[in-house]
Every structure is written in C-alpha cells, then in structure tokens.
Amino acid sequence: MKKFGLHWFRRDLRVAGNPALQRQFSLYEGRVVCLFCFDKEFLNRPDFSINRFQFFLETLDALKQELRQIGSDLLVLDTGPKEAFKQLFDGLKNSSTLECLDLISFCRDYEPFACQRDDQMTTFFEDHSLSVETFRDHLIIEPDELTKDDGEGYKVYTPFSRKWMELIENDQFQSRINSQVTSIEYYKKKKFNRKLFQLSWNDVLKNKYFLEDVLKQYIEDNSKFVDIPIPPAGSLHAWKSLEEFCSKIQAYGQKRDFPAQEATSKFSLYLKNGSLTTAQIYYYLKLKTYKKKQLSQDVFLSEIIWREFYYHLLWRHPRVEQEAFLTQYKDLKWANDKEKFQIWCEGKTGFPIVDAGMRQLNQTGWMHNRVRMIVASFLTKDLLIDWKWGEQYFMEKLLDGDVAANNGGWQWAASTGCDAQPYFRIFNPWTQSKRFDPEGVYIKKYLPQLKEYPAKSLHKPILDCEAYPAPIVDHSAQRNKALAMYKINKK
Ligand SMILES: Cc1cc2nc3c(=O)[nH]c(=O)nc-3n(C[C@H](O)[C@H](O)[C@H](O)COP(=O)(O)OP(=O)(O)OC[C@H]3O[C@@H](n4cnc5c(N)ncnc54)[C@H](O)[C@@H]3O)c2cc1C
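What you are looking at is a predicted structure, and each value in this text was computed from that prediction instead of being measured.

**Regarding the overall build of the protein**
A tally of regular secondary structure across the protein gives 23 helices and 5 strands. Relative to the 2.2 N^0.38 estimate, which gives 23 Å for 491 residues, the radius of gyration of the protein is 24 Å and therefore close to what a compact globule would have. Counting only residues that meet the buried cut, the protein has 58% of its 491 residues in that class. Residue pairs at least 24 apart in sequence account for 79% of intrachain contacts in the protein once pairs closer than 6 positions are excluded. Counting every atom, the protein has about 21,500 Å² of accessible surface; 50% of that belongs to carbon and sulfur. In the protein, the 71 positive side-chain charges and the 65 negative ones have mean positions that sit 4 Å from each other.

So this is what it looks like as structure tokens:
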C-alpha cells in the first residue's frame, strides 16, 4: 500500500479552500483520510450550547456527505483525541496499514483550551513517531505575524487595523488569499460531484467498530433538546450566503447598525466552525466588489478585522477568558441581583429595545450587533450585573457563540476590556432605541404585544400596557450608581 495522510478536522469544517486538506491531497495524490472526534471535556464546558452543538453536528454531517460524494469519508469517533487516536492507531496496526500513515495534519486554533490540547496532541503524535503539520486557517493573519516594532501585540484596535491593512497587501498574504480561488472553482464548477479522493476508510480499516454511525446517533440524541429552528448548515450554504451578501453589500455601510434592516451578513454562524473563512470572504469581496471602491467594503472589512483583533488578544492574554483585561476592574462590586438577571434573560425588563434583543436571541440563537451592545451595556451598567454572567448566557444561546468575539464584545461593553469604551460612556437605552429602531419595526417584530403602539411611544417607559411590564429600573439613577462603582476602582 502507498503512503497516505490523515487530516484531523476540528473547526475547519469544509473541503474547498482547506489549506491542510489541500496540501495532503496534493502530497499523497488524493490518498488522505479524514477524522473528527468528540471531546467530552469540551462538551462539558459551562459555555456549551445545545442549539449551537446541533448546528455544529449538522455542519459535520454536511461535511461527511460532501466527502462521500467526492470519494472520501469522515470517520467520527466518540472519544477525546488522545483515546480516539490510540484506538485508531491500534485499528490501523491490525489492518497492517499503520506504517503507511505518513502525516497527520490539523488547522491551528487560538483558544486557550484548544492551544493546550494541540500542544499535548503534537507531543503524543511525535511520541508515536508520526509527522505532524499544522496550518493557518481560522484567521488571515495569525497573532505572531502582527506585532508592534517591539514584538508586542497591539492593545488598541485602530493601529492594529492599520497594520493589518498594510500587511494584507504583502505578497505572502495575498498568495494565501489567492489560494482560496480553488474553492470558487470548486463550487462554481460543481466539482464536489466527482470522485476526487483516492482513498477511503474502508481501504485502510478492516474493523467494523470504526464504521458505526456515531454522528447520526449524536444528531438524533441532541435534536430532542433543540428549541429553536436551526439554519441550513455546511459549506455549500455558507458559500451561497457569501454570494447573496456580496450582491447586496452596497447597503452595509449605511444600514448595518439598524436591526430592522437585516443588512448584515450573518457569516458569524459559518465562520465559527470554518464552513467559511475570512480569507474566502476577503478574496470574494475583492473579486466581486472591490473594483467599485465602495465605502461598505471597507466598513465590512473593519468588522472582520475586529474579529481578528479579539482572537489575537485572546491568544496573547488567555487570562481574559476568566477575568477583566484591565486589572483595575477585576473586582468591581457588582450588585448581581439574580432576579433581575432572570428578567433580563427572558426579555421582560420593560425596555423594549433590550427585551426585543433578548427575545431575538432566545427565539433564533442570533442577535444583531447593535442590540448585543445595547443589552450588554444594559446588563452591566443599568442592572450592575457582572459581564461574566451575560457572557455565559450569550454562550448558552448564541449559534455563533465564540469565545474570542463574545469575550471581546462583553468586555468592550462593560469597559473592562482591551480598547473598550470608557466606563463613563454609558448607553442610554431610550436614545439608542430611538436612534437605531426609530419606527419600532424591530421592537414590534419581537414584542408583538406592542404592535398597536405608535413608534415614538416605544422609546420611553410604557406604563399602560397589561401585556408589557414597566421598566424595572430608572436609567438615570442606575447610571449614577454605575459611575460610582467604576470610579472607586479607576486608576
Ligand atoms: C456583547 C457582544 C457579544 C458578542 N458575541 C459574539 C459571539 O459570540 N460570536 C461572534 O461571532 N460575534 C460576537 N459578537 C460580535 C458581533 O455582534 C457579531 O459577530 C455579529 O453580530 C455577527 O453578525 P454578522 O455576521 O451578520 O455580522 P456582520 O456585520 O455581517 O460582520 C461580518 C463579520 O465580522 C465579524 N464581526 C462583526 N462585528 C464584530 C465585532 N463587534 N466583534 C468581533 N467580530 C465582529 C463577525 O465575524 C461577523 O460575522 C458580539 C458582540 C457583542 C457586542
């Protein structure tokens, strides 16, 4: 038997434009087998979400189907990586194919949990005398590639983004992005309907145990607890959404802040698990729309750069997962009223824009960015509740829940983060509501009991509605309390 490679999928769940898979594919002329394994340690994390897991499982399933269509398959094992690879190596040994396994690849991850796991697994593979190659995929520019002149990471977004924009023009990064062109051809020419791979698990493993349908069981079991509609998953859908969004991107710059306009891309769902990558987005944007030099593309790109900024930050300062980036705000004296927190979670605060946002989150697993900022500011600076509580609730509910962006967003809103808004800048929920949902279209969509109310009455306390509560706090009074709380710890 000829030598072959093995690709370990994690959060790079696509075939086209997957740099590790591409490299293995060409190195071994299509003789690559693919693996995914469930990690109980990961599934037991407190920020686990049943709904997000379902979306992930459906993405895995789409990947598996796609791999099968092109002559390969995805082996799914039900144990953490160390145990899974041990079992697999035994299985390959029994089939006398282990000596032909030449290379293991995976794409790099930057979350603290994943970094630790990957270090351990690399040692494990090396102990088994196996070569490992890791690849950049999740970000366009990795943290160690973008530093200040002194080698330190940036702590302010604007110079970070300036440097990012400068670097991206370099040949090294452009060629990285250009390699994504294969994915465009792949989808356009429907290459996924042809047999491309030359090796499948059946060729290298004789033990039926491995071919049990673990994934199907997971999907069935988990789906019983799902309580929202799960959007279409997989790279083909991600690709379609990229095409659709590029055709309407002109409006993004002007409309992205208005939740009723639905002008944003919703790529966050697909970026989370790698059905789509920022490099693909960048390439496609450039190809399709950059020539027109519209403001919208630059605004959109700046959001993608925020995502990379938060990833760099998490990688460099993994402690932010547990505590405030600004150490003076580590021990703020939050009121942490459990009852008020529950009211916030359920969207019953009596502030329509906040409640509409929380209901959008609970009903759909997604919330518009402007509203995320409003509800986060409200929780921390109006209810004086620890941002970590909100961060955790978002992770339980969001389909796009992602440690880096979520932590970054919460710490930004709570003014405890790196390049966060200053503590004295406190969103007034009434003004935000009036400015960003003037006609109340978004509010009425998620609070139908307010349908008959004229728009202007939605941006102030509603005291005459049986089906809708009066505000649980007075914004001005709470604002003063918040200022006092932060001032004590101000440096
Ligand atoms: C409190 C709070 C919590 C958040 N939690 C998450 C989270 O768990 N996961 C997540 O992906 N995003 C999070 N964000 C960022 C942002 O709200 C979402 O990325 C965005 O709403 C996703 O919708 P979209 O894809 O339509 O965005 P678009 O406006 O179309 O933006 C395109 C992409 O840029 C990135 N992006 C946009 N805005 C931001 C931002 N402010 N910070 C970082 N990246 C951004 C996302 O990857 C997004 O998909 C959070 C923001 C806040 C204020």
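**Observations regarding the sheet that holds strand β5 (residues 131-135)**
Strands sit in the order β3-β2-β1-β4-β5 across an open sheet of 5 strands; the sheet is parallel. The open sheet has two edge strands, β3 (74-77) and β5, and neither has a second partner. Direction aside, neighbouring strands of the sheet carry axes that sit 25 degrees apart on average. Note: strand β4 (residues 101-107) against β5, 5 bridges, orientation parallel. Bridged to Ile-104 within β5 is Val-132. Of the strands in this sheet, β1 (4-8), β2 (32-37), β4 and β5 touch helix α1 (residues 19-27), which is tilted by about 160 degrees from β4.

**Considerations on the pattern of salt bridges**
Under the criterion given, the structure shown has 27 salt bridges. A salt bridge links Lys-64 to Asp-73; the shortest N-O distance between them is 3.6 Å. Across the pair Glu-142 and Arg-108 runs a salt bridge whose closest N-O atoms are separated by 2.8 Å. Taken together, the residues Glu-142 in the loop between β5 and α6 (157-168) and Arg-108 in the loop between β4 and α5 (112-127) connect sequence positions 34 residues apart. Through salt bridges with shared partners, one network takes in Arg-11, Asp-109, Glu-111, Lys-272 and Asp-402.

**Side note on the domain arrangement of the protein**
You'll often see interface size given as the accessible area lost when the parts meet. When the domains of the protein are assigned, the result is domain 1 (1-138), domain 2 (139-193 + 235-316) and domain 3 (327-485). Distance from the C-alpha centre of domain 1 to the C-alpha centre of domain 3: 39 Å. The partner domain 3 presents 9 residues to the 10 residues of domain 1 that form the contact. Around 780 Å² of area is buried between domain 1 and domain 3 when both sides are counted, 46% of it from carbon and sulfur atoms. On the domain 1 side of the contact with domain 3, Asp-47, Arg-52 and Glu-111 bury the most area, a combined 51% of that side's loss. The interface formed by domain 1 and domain 3 holds 1 salt bridge in total. Seen at the junction of domain 1 and domain 3, the total is 5 residue pairs in polar contact (both at pLDDT 80 or more). Along the lines of polarity and charge, the residues of the side of domain 1 that touches domain 3 split into 3 nonpolar, 2 polar and 5 charged.

**With respect to the site of the ligand**
Close contacts around the ligand come from 28 residues, with Tyr-252, Thr-264, Ser-265, Lys-266 and Asn-369 the closest. Here an oxygen atom of the ligand and a side-chain polar atom of Asn-369 are 2.7 Å apart. Within the side chain of Asn-406, a nitrogen or oxygen atom sits 3.0 Å from a nitrogen atom of the ligand. For the ligand, the accessible surface in isolation is 810 Å², of which the surrounding protein chains cover 95%.

**Details of helix α23 (residues 475-489)**
Its 15 residues place the ends of α23 22 Å apart at the C-alpha level, agreeing with the 21 Å of an ideal helix rising 1.5 Å per residue. Those residues of α23 that sit buried are His-475, Gln-478, Ala-482, Leu-483, Met-485, Tyr-486 and Asn-489. Down the axis of α23, the buried set is contained in an arc of 165 degrees. They therefore lie on one face. Set apart from the buried face of α23 by more than 90 degrees, the exposed residues are Lys-487 and Ile-488. Residues of α23 that are buried make contact with α18 (369-382) and α21 (429-436).

**A few points about the packing of aromatic side chains**
For any two aromatic rings, the description comes down to two numbers: the centre-to-centre distance and the angle of the planes. Here the structure, examined in full by the defined rule, presents 47 aromatic pairs. Relative to Phe-125, the ring of Trp-8 lies with its centre 6.3 Å away and its plane at 85 degrees, an arrangement referred to as edge-to-face. Separated by 117 residues along the polypeptide, Trp-8 in strand β1 and Phe-125 in helix α5 bring together distant segments of the chain. Comparing Trp-8 with Phe-125 shows no difference in burial state: the two are buried. A centroid spacing of 5.8 Å and a plane angle of 90 degrees characterise the contact between Phe-245 and Tyr-252, whose relative ring orientation is edge-to-face. The exposure class assigned to Phe-245 is buried, which follows from its relative accessible area of 2%. Ring pairs connect the aromatic residues Trp-8, Phe-85, Phe-89, Phe-106, Phe-124 and Phe-125, which therefore count as one cluster.

Parameters at a glance
Residues numbered from 1 in each chain as written. Predicted model: local features only at pLDDT ≥ 70, side-chain atom pairs only at ≥ 80, totals over all residues. Heavy atoms only, no water. Helix = DSSP H or I, 4+ residues; strand = E, 2+ residues; numbered from the N terminus. Rg over C-alpha atoms; globule rule 2.2 N^0.38 Å. Buried < 20%, exposed > 50% of the residue type's maximum accessible area, 1.4 Å probe, protein only. Contact = heavy atoms within 4.5 Å. Areas by Shrake-Rupley, 256 points an atom, 1.4 Å probe, with all protein chains shown as cover. Lys, Arg positive; Asp, Glu negative; His and termini not counted. Charge placed at Lys NZ, Arg CZ, Asp CG, Glu CD. Pairing = 2+ DSSP bridges. Axes fitted to C-alpha atoms, helices over the stretch in contact; angles between N-to-C directions. Salt bridge = Lys/Arg side-chain N within 4 Å of Asp/Glu carboxyl O. Domains from an automatic or database assignment. Buried area = accessible area lost by both parts, 1.4 Å probe. Polar contact = N/O pair within 3.5 Å; in protein donor to acceptor, adjacent residues only side chain to side chain. Nonpolar A, V, L, I, M, F, W, Y, C, P; charged D, E, K, R; others polar. Near = heavy atom within 4 Å. Expected span 1.5 Å × (residues − 1). Arc of directions from axis to C-beta. Phe/Tyr/Trp six-rings, centres within 6.5 Å; stacked < 30°, edge-to-face > 60°.

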